[in-house]
Amino acid sequence: MAGGGGVSPLGLAPPLWYHRDLSRAAAEELLARAGRDGSFLVRDSESVNGAYALCVLFQKHVHTYRVLPDEEGFLAVQTSQGVQPKRFKSLPELVLLYLQPSQGLVSTLLYPVDRDESIPEDRDYSDGEDEKPPLPPRSASTSTTPTGSAPETPTDSTPAANGLSTISHEYLKGSYALDLQAVKQGASSLPHLNKTLVSSCKRLNGEVDKVLSGLEILSKVFDQQSAFMVSKMIQQSVNQGGDQELENLVTKLAILKDLLSSIEKKALKAVQDLSVSTLSSLPPLTRHSKTIPVQAFEVKLDVYLADLTKIGKSQKHSLSVDVEGGMLVVMKKMKDNQEDWNTFTHHKIRQLIKSQRVQNKLGIVFEKDKEKSQRKDFIFASAKKREAFCQLLQLMKNKHSNQDEPDMISIFIGTWNMGSVPSPKAVGSWLLCRGLGKTLDEMTVTIPHDLYVFGTQENSVCDREWVDSLRTALKEHTELDYKPIAVQTLWNIKIAVLVKPEHENRISHVGVSSVKTGIANTLGNKGAVGVSFMFNGTSFGFVNCHLTSGNEKIGRRNQNYLDILRLLSLGDKQLSSFDISLRFTHLFWLGDLNYRLDMDIQEILNYINRKEFDPLLKVDQLNLEREKNKVFLRFAEEEISYPPTYRYERGSRDTYVWQKQKATGMRTNVPSWCDRILWKSYPETHIVCNSYGCTDDVVTSDHSPVFGTFEVGVTSQFVSKKGLPKSSEQAYIEFENIEAIVKTASRTKFFIEFYSTCLEEFKKSYENDSQSSDNVNFLRVGWSNKQLTTLKPLLSEIEYLQDQHLLLTVKSLDGYESYGECVVALKSMIGSTAQQFHTYLSHRGEETGNIRGSMRVRVPAERMGTRERLYEWISVDKDETGPKGRSTLPPRSGHDYVKPSLTQKHVGAVLGKVSEEGERSTKEEVTAARAKQDSAEGDPSTCKNNSYNNPAYYILEGVPNQSAATLSSELLPSPCSPPAGKAPLSGEGRGRHSSGSSHPRRHTAGHPVRPISEEGSSEDDGIAVVGVVSGGGAGGTLNRPPPDFPPPPLPKGALEMANTPFSKPRPLYPDLAEVKIPAANPSPAFVLGEDFRRGGPEGLDDQSCSVLQMAKTLSESEYPPPPRAPSAPPHLRGQGLGDACRTFPPRAPITESIAEDLPEEALWGSSSSSLSVGESSVGEWLQRLGLDRYEEGLLHNGWDDLEFLSDITEEDLEEAGILDPAHKRILLESLRQQKQQK
């Protein structure tokens, strides 16, 4: 239930039918559980502050009425236009009337549904670590017994807060009434409260005097002005009394704070003044960052033994990267200590291609001359060395780029529970990502990051001192004076963001916020702080939290997260309909999340000693809750490869202290990964986690500091070179249809709101024109073209539009409340033909449905020019499966999203293989491989399992295996994979490194991102889904690209049932390109059994619906499963579209030879002479479109004249190496327009 704090507007004891800020979904669940017509409750409106929502159950449907306040504060139920509303002074008075029959509601209010007042976790005021929550920083006070009671007998063992609590209780119990009476008689002060406070702070007063006396001598030596004030205050304290005593205490505390924070600096200045002669000989510090030295990497050339014999040369090479000079030197080590080298400037290095199968292998494509390039494959000493080399080359490219604004920035994120102890002076290991886990290579560890984000908990240092210490530490290691963007504090929870000086002017729209989740959501000992801003055209959000502790407090932690998600006020205020997980291009969530390990302490210690973390991660509470979709929906986290960061013995990292004596007995705090960093990014954006680990030498706290570094793509504030578009050059965003299935018992009408930074203002659709339901808990709503508005972007350039996203929210007409929100990337929607999109809907952090539709972004030919981004310069070979023995699943990150791409033939894997091996395959081998690929197109494994290409998974993700345990074979998709546990390991798509992105790069050091998806949702479960079948047209096949997450697998029992053939023939799944979503025809309702609730028989207390079964019934009538298709060869399974096909702009691996020592004839064969034929006309055409990188492939395949190009087909483009669907559409559309002009 909602966990709002504070006093209710209905008083201290509101009626039980008033549920405060209960969510709409939770309200529907309570009413469904009540089950009787006339059941009702009242909650706060989600759309209007100060308004309410009256929810009534009638005939299994929930009807919602808005109760709105008018200007005079009277309440009224919203009525139809022209109907006079009835006004009420209070909510109970309103409900009292509608308890009577025939008052205009769908049903008389009969049965109030009371809120649950007996939630033990909400009543538990302990934070799991201490007997009481700590007091706010710098205001802690000790106290004695109340004035007028027994003689003072304070002892050191008496907790100060308990004394203060007693005094406060006595005041509220007795003296408060006297003060109240005095105020009624005209008093302007509260004498009894003042007396209470003075009594409470008497010991504090004495302690402050002692400290000030001790500092007086130092002040006289180093700071005469402060010394005078200190002496004056000490003198005043001797004669003080009465009402001035409290005021003087506050003044003394302020002086003490200033003195402590400044005396060291003033003392340092005084000492420096005495040694001016010594200091004058020191060189002044420069503002510029350290010069990056030339770095050399020892590598081996990766060639076959036959080639090595033919070449007769050594494999050993040295690669030297000169970042400052913009050069790469490739040196061969010959016999007799002789060396041979070639120097390549930065613009001669065309592409880096990482091997996914061999984590330390890298292909480098060099430009030899105007028409030719070559690829060499190198084997590095380790995967970390390969990543360091790539990072240095990217830095070199960026440094010598002619772009004014960066395409990519590097972000450091650190989280640390400091244990209420000041930080040690040396925190270099934290800043430099040195320690345990996935760390940076020493060659790149000192390269400054563009942004530093520090989240701390139990940090007792004042803000200014903390930020100054961070800036000093950064300057020591980077020689840069980082600028603070924002600092936000809630008690001892802090977040500080610092930026490189060169980026300071690129930061705008800075916002800060905080949320308390302590006792009754009113104390800030637990909660979150956040910072948001724009970096040029990209929005960022950072949340640092400290959640409820205690091994058993899982539900409370989950509620903390949901409260923060809902209440943290960050980002664009126009996006108030969306929670913060949808407001930012990139959202990072860090902190002491306090989730623990559910395992016996001795087992945990044994696994840690053996450095076996996988069994522990399987019982990690955060991972388990994410698998249930309870928290962090669609967030990603890098794989954890370091030991638990809590609870260490202070002063050491060798011992976990897992027992703590408390008043209630011995408390067990098992070692756990409490400190985490997660992120969520928009689809088709670029983000890579380069490191994730913890330090092993910072020992002042019982937590170890955790670090993570990220490579993030950013967009510039786009300025059109052609000015504002004319009407003939205007781009349009057009919808053909949209269909949503929402989890609700309501039967109201809905509309859609569209938000985007590329729109001048948000737009609304008309109400849905189709609506149906096969189950009381779900509703299918649809909008046809006439109900959907055409959107006009502010700018029409494709370079601008491909970076934009569209936010959608499905709202009800009765309450204008959101039933689900989502985000769609425009990049894959660009083209002259409509493209399909599918994604999930969420609201308040919970998955509430899913949405699909058909849309297109029309860009005029004059605005089609684009350029390559820096992060697209590196690609990943996907022609091989992942490393043997371990799954390399994709991250369950960002906004899971299926990008539509229609191809008739896919040869990406073949081209990638030829590219990597340097045309070592013969023509016959290529033909055979293509034949295998064609035969595999009917195999479901070639299209990655997902919710959208299998109608059986149409509705929602997140249902554990047990939910489908009793499904009949009639409802299961046809089996098309080996038995579970025997499926070949598929590597395609598992290393996806962009959040729903076309840029396949995430685990750059060989460690896969830890995905959180449904229970057991690895592709190794052997569940294959038919995603490519004959469309019934002439040669029409649909090869749909894999999404960014695996689907929920069916249980073993369901698999066995699936082997039974269908009793009736099933029609084929229609080609998605030809599907127009019609209004659904009702089909027989599907009765859910108890076991179908989430979690199966073990989880009957969880009342959420089993959406897997609903998915089957709601999609069965229109999208029945296809028949069984033949399995693909193991080496092709799970590949789908090659990642080179999904890059926009593309970076397909180039298919030239790898060995510069081989004869030119071997490199190019007899077709090399054709490369210059017709180059000018084809080249100019491609250059105008910003796709001149494809010129070589087209000419090489004989497409050397624009006249002939008009007849080119999609298959021809693929054979020429143009695999990106968006780029194929651009080229074909341009040719079509040219043909029409003739």
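Check the entry above for the structure.
Residues numbered from 1 in each chain as written. Predicted model: local features only at pLDDT ≥ 70, side-chain atom pairs only at ≥ 80, totals over all residues. Heavy atoms only, no water.

Novice: How would you summarise unusual backbone geometry if you had to cite specific residues and measurements?
Specialist: Along the chain, Y646 connects to R647 via a cis peptide bond; the corresponding omega equals 10°. Inspection of the secondary structure puts R647 in the loop between α17 (621–627) and β22 (659–662). The backbone of K611 sits at a positive phi, close to 55°, despite the residue not being glycine. If you trace the backbone, K611 turns up in the loop between α15 (601–609) and α16 (614–617). For N629, which is not glycine, the phi dihedral falls at a positive 60°. Structurally, N629 is set in the loop between α17 and β22. (Helix = DSSP H or I, 4+ residues; strand = E, 2+ residues; numbered from the N terminus.)

Novice: How would you summarise the sheet that holds strand β9 (residues 339–345) if you had to cite specific residues and measurements?
Specialist: Spatial strand order, β9-β8-β7-β6-β12-β11-β10-β36: 8 strands in an open sheet with mixed pairing. One side of each edge strand has no neighbouring strand; the edge strands of this open sheet are β9 and β36 (874–877). For this sheet, the mean angle separating the axes of adjacent strands, direction not counted, is 30°. Note that strand β11 (residues 361–367) and strand β12 (residues 373–379) share 7 bridges and pair antiparallel. Looking at the pairing, V365 lines up with R375 of β12. Sheet strands touched by helix α11 (residues 383–399): β6 (295–301), β7 (316–322), β8 (327–333), β10 (349–355), β11 and β36. Its angle to β10, the strand with the most contacts, is close to 155°. (Pairing = 2+ DSSP bridges. Axes fitted to C-alpha atoms, helices over the stretch in contact; angles between N-to-C directions. Contact = heavy atoms within 4.5 Å.)

Novice: Tell me what's going on with helix α28 (residues 1221–1237), and back it up with residues and numbers.
Specialist: Between the first and last C-alpha of α28 there are 24 Å, a value that for 17 residues agrees with the 24 Å anticipated at 1.5 Å per step. What α28 keeps buried is the set P1221, A1222, H1223, K1224, R1225, I1226, L1227, E1229, S1230, L1231 and Q1233. (Expected span 1.5 Å × (residues − 1). Buried < 20%, exposed > 50% of the residue type's maximum accessible area, 1.4 Å probe, protein only.)

Novice: Pulling in residues and values, what's your account of the pairing of strand β31 (residues 778–784)?
Specialist: For β31, a buried count of 6 out of 7 residues is recorded, marking the element as mostly surrounded by other parts of the structure. Bridging between strand β27 (residues 732–743) and β31 involves 7 bridges; their strand directions are antiparallel. Across the sheet, the residue bridging to E739 is G782, located in β31. Where strand β30 (residues 770–775) meets β31, 4 bridges bridge the pair, whose relative direction is antiparallel. By the bridge assignment, S770 is partnered in β31 with G782. Where β30 folds back on β31, the antiparallel hairpin that results is connected by 2 residues.

Novice: With reference to specific residues and values, describe the pairing of strand β21 (residues 586–592).
Specialist: Buried residues dominate β21, accounting for 7 of its 7 residues. With 7 bridges connecting them, strand β20 (residues 538–546) and β21 associate as parallel partners. Residue C545 lies in a different strand from β21, and its bridge partner there is G591. Note on the crossover from β20 through helix α14 (residues 554–567) to β21: the handedness is right-handed. (Right-handed = clockwise from strand over helix to strand, strands pointing away.)

Novice: Pulling in residues and values, what's your account of the pattern of salt bridges?
Specialist: Applying the stated criterion to the full structure yields 44 salt bridges. Of the charged contacts in the structure, one is a salt bridge between R610 and E612, with a shortest N-O distance of 3.2 Å. By relative accessible area, E612 is classed as partly exposed at 34%. In the salt-bridge network here, residues are joined through shared partners; they are D302, K361, R375, D377 and D877. (Salt bridge = Lys/Arg side-chain N within 4 Å of Asp/Glu carboxyl O.)

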